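# Structural overview for review
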Amino acid sequence: MTRSTSKAVNLGRHQRACGICAHSQCPEIEDAFIAWKSPKAIAEEFSLADRSSVYRHAHAFDLFSKRQRNVRAALERIIEKAGEVDVTASAVVAAIQAYTKINAAGQWVDRSEQVNLNDLFDRMSTQELEAYAQHGTLPVWFETYTKRGAALTATTEDGEYE
């Protein structure tokens, strides 16, 4: 695992005293921390002194920045536990919504799409326009331009959906 060092930590001194650096499963311990596993649970699983040793090691090798970029892992844990703990439906939905907006690099990405209906109607042939006017039937290709396959809905004069 590539490690970036913190300027405030003397790595030589840290590595001589660190039980994690000397541990045969050091990469697994670091991966567990980056995957948002509890430092207390990591200490118990890998027979470490305590959770503070996990935090010291994480600070020394800047694992916190890697962990922060891995927010999806934390959200996955919340979503997986939804059936095992008392949570509100809105909390689960919020976690799922957040999960879908975070890319693989841990960056929040707001996706937005706009459909210009005038451009799409301009592309329709005379036959397609007549079919739409008479029966409300859109051409098959039209759906590929709608937002994530959602149907576009026209409104009546009073603003109610048809």
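Residues numbered from 1 in each chain as written. Predicted model: local features only at pLDDT ≥ 70, side-chain atom pairs only at ≥ 80, totals over all residues. Heavy atoms only, no water.

### Considerations on the overall build of the protein chain
Note the threshold: Each helix is a run of H or I in the DSSP string that is no shorter than four residues. Each strand is a run of E no shorter than two, and both are numbered from the N terminus. Burial classification: accessible surface area is computed with a 1.4 Å probe over protein chains only, and a residue below 20% of its type maximum counts as buried, one above 50% as exposed, and the rest as partly exposed. Two residues qualify as a contact provided that any one of their heavy atoms is within 4.5 Å of a heavy atom in the partner residue.
Per the secondary structure count, the protein chain includes nine helices and zero strands. For the protein chain, the succession of helices and strands along the chain, N to C, is α-α-α-α-α-α-α-α-α. Counting only residues that meet the buried cut, the protein chain has 23% of its 162 residues in that class. Long-range pairs, those at least 24 residues apart, make up 50% of the contacts in the protein chain with a sequence separation of at least 6.

### Let's talk about the pattern of salt bridges
Worth spelling out the cut-off: Whenever Lys or Arg places a side-chain nitrogen within 4 Å of a carboxyl oxygen from Asp or Glu, that contact is recorded as a salt bridge.
Considering all chains together, one arrives at one salt bridge under this definition. Linking Lys37 and Glu45 is a salt bridge whose minimum nitrogen-to-oxygen distance equals 2.2 Å.

### Brief notes about the environment of Leu117
Take Leu117: it is sitting in helix α8 (residues 117–123). Judged by relative accessible area, which is 37%, Leu117 ranks as partly exposed.

### Thoughts on the packing of aromatic side chains
Here the distance between the centres and the angle between the planes together describe a pair of aromatic rings. This is how the line gets drawn: For this analysis, a ring pair means two rings from Phe, Tyr or Trp (six-membered ring only for Trp) whose centres lie within 6.5 Å, classed as stacked if their planes differ by under 30 degrees, edge-to-face if by over 60, and tilted for the remaining angles.
This structure, assessed with the given rule, holds three aromatic pairs. Taking the centre distance of 6.5 Å and the plane angle of 85° together, the rings of Phe33 and Tyr55 count as edge-to-face. Placement of the pair is Phe33 in helix α2 (residues 26–34) and Tyr55 in helix α4 (residues 51–60), with a sequence separation of 22 residues. Residue Phe33 is classed as buried on the basis of its relative accessible area of 1%. Aromatic pair Tyr55 and Phe64: ring centres 6.2 Å apart, planes at 5°, arrangement stacked.

### Looking at unusual backbone geometry
Phi at Ser47 is positive, roughly 55°, even though this residue is not glycine. Here Ser47 is to be found in the loop between α3 (39–45) and α4. Overall, Ser47 belongs to the exposed group, its relative accessible area being 65%. Unusually for a residue other than glycine, Asp62 sits at a positive phi of about 50°. A relative accessible area of 29% means that Asp62 is categorised as partly exposed.

### Describing the environment of Glu28
Mapped onto the elements of the fold, Glu28 is located in helix α2. Along the primary structure Glu28 and Phe46 are separated by 18 residues, whereas in three dimensions their C-alpha atoms are 9.3 Å apart.

### A look at α2
Every buried residue of α2 is listed here: Cys26, Ile29, Glu30, Ala32, Phe33 and Ile34. Elements in contact with the buried residues of α2: α3, α4 and α5 (63–69). In the segment just after α2, Trp36 is the residue with positive phi, at about 70°.

### Considerations on the confidence of the model for the protein chain
Rules: Every residue is assigned a pLDDT by the predictor, reflecting its confidence on a scale from 0 to 100.
The share of residues in the protein chain with pLDDT of 70 or more is 80%, and the mean pLDDT across the chain is 78. Across residues 1–6, where pLDDT falls below 50, the model places 18 contacts with residues more than four positions away in sequence or in other chains.

### Description of the packing of helix α6 (residues 71–81) against helix α7 (residues 89–100)
Inclusion rule: Axis geometry follows a simple rule: fit a line to the C-alpha atoms, using only the stretch in contact for helices, then measure angles between N-to-C directions, giving values from 0 to 180 degrees. Working definition: roughly parallel below 35 degrees, roughly antiparallel above 145 degrees, roughly perpendicular at 65 to 115 degrees, and oblique for all remaining angles. By the definition used in this description, the sense in which the near helix is turned from the far one sets the handedness, with an anticlockwise turn below a right angle giving left-handed and a clockwise turn giving right-handed. Throughout, the ten residues Ala, Val, Leu, Ile, Met, Phe, Trp, Tyr, Cys and Pro are labelled nonpolar, Asp, Glu, Lys and Arg are labelled charged, and all others, Gly among them, are labelled polar.
Put simply, α6 and α7 touch, their axes get as near as 9 Å, and they point 150° apart. With respect to α7, the element α6 is oriented roughly antiparallel. Here α6 and α7 pass one another in a crossing that is left-handed. When α6 is examined against α7, the residues Arg72, Leu75, Glu76, Ile78 and Ile79 are found in contact with a partner set consisting of Ala95, Ile96, Ala98 and Tyr99. Residues belonging to the contact of α6 with α7 are distributed by class as follows: seven nonpolar, no polar and two charged.

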